[in-house]
Amino acid sequence: MMGRSCAILRAYLFTFALASFLAAAPPAYALRFELQSGNTKCISEDIKLNAMSVGKYAVVNPSDSGPLPDSHKITVRVTSPYGNSIHYADLVDSGNFAFTSNEEGDYLACLWAPDHKPPATMVVEFEWRTGVAAKDWPNVAKKGQIDVMELELKKLEDTIKSIHDEMFYLREREEQMQDMNRSTNSRMAWLSFLSLAVCLSVAGLQLWHLKTFFERKKLL
Amino acid sequence: MQELSVRFTFFLASVFLLHLHPTIGIRFVIDREECFSHSVPYEGDTVHVSFVVIKAETPWHYGDEGVDLVVKDPSGTQIHDFYDKTSEKFEFMAQKRGLHRFCFTNRSPYHETIDFDVYIGHFSYFEQHAKDEHFGPLLEQIGKLEEALYNIQFEQHWLEAQTDRQAIVNEGMSRRAIHKALFESAALIGASVLQVYLLRQLFERKLGRV
């Protein structure tokens, strides 16, 4: 009895491991874009504090067989919002980067294609995941020996937490915008009073100056 | 035989669930034209797309020009097109599987930052096959929940991008209010000084002649 259920459990674990291997295989859901020689393409992503971030890039081979030609290499640099370089790779055709954010703001990933005559256009496959999506779920499963249900529920919990955090962030931004709108409103009121005051005082000065002028010239 | 089919459906369910990837939201700077391709893995998937023009790269320019977006399926036929929009959120059912192209064309003469997001919902496929194969009902429900959550994340990403755009517009408005007031005062003072000067000239000339 014990032996049979053990065998079934092992069978299920093996099936799950196989499935996760297949699922982790190619990055078929990455974004592709074209890069011309001598050009730069930059992609930015807004990352919160202490969020894990994982990125993968690869030059798509135009011919199905044979090595990638030398002209199809790119230089990649990932910078933080304050300008620190997080990842730098010179003249490679594929690579990946991973980091945990220490600063909050816009992280920039720039890809350069070196100059080449005649100008070549290459297709680059790029993937950048932050937060929940960056966690390597199949590995978590292997480490903890937990079953599919629990893994999926854990994933859901993390997703919900990130949605909640994003909502808090949105609420903060909304409050900032309301404050700014209120201040703009009051500023416009004060500034229109200022305009009126300037207008009246300038008119008064004009009157006074012209009056003294005419009195001096004995016209008034 | 029963055991094998159950195992097979379990395997399929795991592959499906582990393949459910969330959105790919990115921000990029567009000059004249920018094209992206994204692969749709299964026919019948719902593809949700959203984009928001965050700002123009110049501090002084304010205009409402947007961008054009043309969506083409793997065989090159146009599925959707939008002209001169600053923000748009839509979805369509992919008729073919493969690389779909999304091409943006800039309408304004300046560089613009665009926030672009694509989310592929697999659940339509799930629904059709749930009847044929007996997915564990719990896994099915979990799959549905996951889809809904990724949908929420997609909407939230769009909201965030819209908020950013509005924040930039508001800041611009606040700065412009102050600049307008200063210029106005300067213009008033300048105009009145000019007036006084001209009147004095006029009367001095007239008095000089008389």
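Placed above this text is the structure.
This report concerns the structure included in the present document. Each chain carries its own residue numbering, running from 1 in the direction its sequence is written. Here every chain gets a letter starting at A, and every ligand a number starting at 1, in the order they are written. Thresholds applied to this predicted model are a pLDDT of at least 70 for local features of residues and 80 or more for the giving and counting of side-chain atom pairs; totals over whole chains, interfaces and linings are not thresholded and use all residues. Hydrogens are left out, water is left out, and the side-chain values use all remaining heavy atoms of the structure.

## Digging into the sheet that holds strand 3 (residues 52–59) of chain A
Link 1 in the chain: Here we have eight strands laid out as an open sheet, ordered 6(A)-3(A)-8(A)-1(A)-2(B)-7(B)-4(B)-5(B), and antiparallel in their pairing. Looking at the sheet topology across the chains shown, the edges are occupied by strand 6 (94–100) of chain A together with strand 5 (78–85) of chain B. Here the average twist between neighbouring strands, direction ignored, is 20 degrees. For two strands to count as paired, DSSP must find a minimum of two bridges between them. For the purposes of this entry, the term helix denotes a DSSP run of H or I that reaches at least four residues, the term strand denotes a run of E that reaches at least two, and both are numbered from the N terminus. Axes, fitted as lines to C-alpha atoms, cover a helix only where it is in contact. Angles between the N-to-C directions of the axes lie from 0 to 180 degrees.

## So, the layout of surface pockets
Link 1 in the chain: Both site types are read off a 1 Å grid over the protein atoms alone. A 1.4 Å probe that fits but cannot get out defines a cavity, while an open set with protein on both sides within 12 Å along at least five of seven lines defines a pocket; lining residues have an atom within 4 Å of a point. Grid points are joined across faces, edges and corners, and a volume is the space filled by probe spheres set on the points. What the largest pocket holds in volume is close to 860 Å³.
Link 2 in the chain: Residue lining of the largest pocket: 33 residues in total, with T130, G131, V132, S162 and E166 of chain A positioned closest to the centre.
Link 3 in the chain: Breaking the lining of the largest pocket down by element, the ones donating at least two residues are strand 2 (40–47), strand 8 (121–130) and helix 3 (148–216) of chain A together with strand 1 (26–30) and helix 3 (137–209) of chain B.

## Details of the environment of K206 of chain B
Residue and element names in this part refer to chain B.
Link 1 in the chain: Tracing the chain through its elements places K206 in helix 3.
Link 2 in the chain: With relative accessibility at 46%, the residue K206 sits in the partly exposed group.
Link 3 in the chain: Linking K206 and N170, residues 36 residues apart in sequence, is a C-alpha distance of 54 Å. For each residue, the accessible area found with a 1.4 Å probe, counting protein chains only, is set against the maximum for its type, and the residue is called buried under 20%, exposed over 50%, and partly exposed in between.

## Side note on the packing of aromatic side chains
Link 1 in the chain: Centres within 6.5 Å make a pair out of two Phe, Tyr or Trp rings, where for Trp the six-membered ring is used; the pair is then stacked when the planes are under 30 degrees apart, edge-to-face when over 60, and tilted otherwise. Throughout the structure, instances matching the rule amount to 20 aromatic pairs over all chains.
Link 2 in the chain: Considering the side-chain rings of F36 of chain B and F116 of chain B, the 5.7 Å spacing of their centres and the 25 degrees angle between planes classify their relative orientation as stacked. Of this pair, F36 of chain B sits in strand 2 (residues 33–40) while F116 of chain B sits in strand 8 (residues 112–121), and the two are 80 residues apart along the sequence.
Link 3 in the chain: Positioned above the aromatic ring of Y169 of chain A, the side-chain terminus of K48 of chain A is 4.4 Å from the ring centre.
Link 4 in the chain: Over the ring of W158 of chain B we find K89 of chain B, and its NZ or CZ is 4.8 Å from the ring centre. Charge-over-ring contacts are defined here by two conditions on Lys NZ or Arg CZ: a distance within 6 Å of the ring centre and an angle within 35 degrees of the ring normal.

## Focus: the pattern of salt bridges
Link 1 in the chain: In what follows, salt bridge is the name for a side-chain nitrogen of Lys or Arg lying within 4 Å of a carboxyl oxygen of Asp or Glu. Scanning the entire structure with this criterion turns up 18 salt bridges over all chains.
Link 2 in the chain: K48 of chain A serves as the salt-bridge partner of E160 of chain B, at 3.6 Å between the closest nitrogen and oxygen. Placement of E160 of chain B in helix 3 and of K48 of chain A in the loop between strand 2 and strand 3 is noted, with the two residues assigned to different chains.
Link 3 in the chain: Looking at K48 of chain A, the relative accessible area reads 25%, which means it is partly exposed.
Link 4 in the chain: Between R27 of chain B and D115 of chain B there is a salt bridge, with its nearest N and O atoms 2.9 Å apart. Linking R27 of chain B in strand 1 with D115 of chain B in strand 8, this pair joins segments that are 88 residues apart in sequence. The two residues R27 of chain B and D115 of chain B agree in class, both being buried.
Link 5 in the chain: Salt bridges here are not isolated pairs; linked through shared partners, they connect R173 of chain A together with R27, D115 and D164 of chain B.

All quantities given are derived from atomic positions and should not be read as evidence of function.
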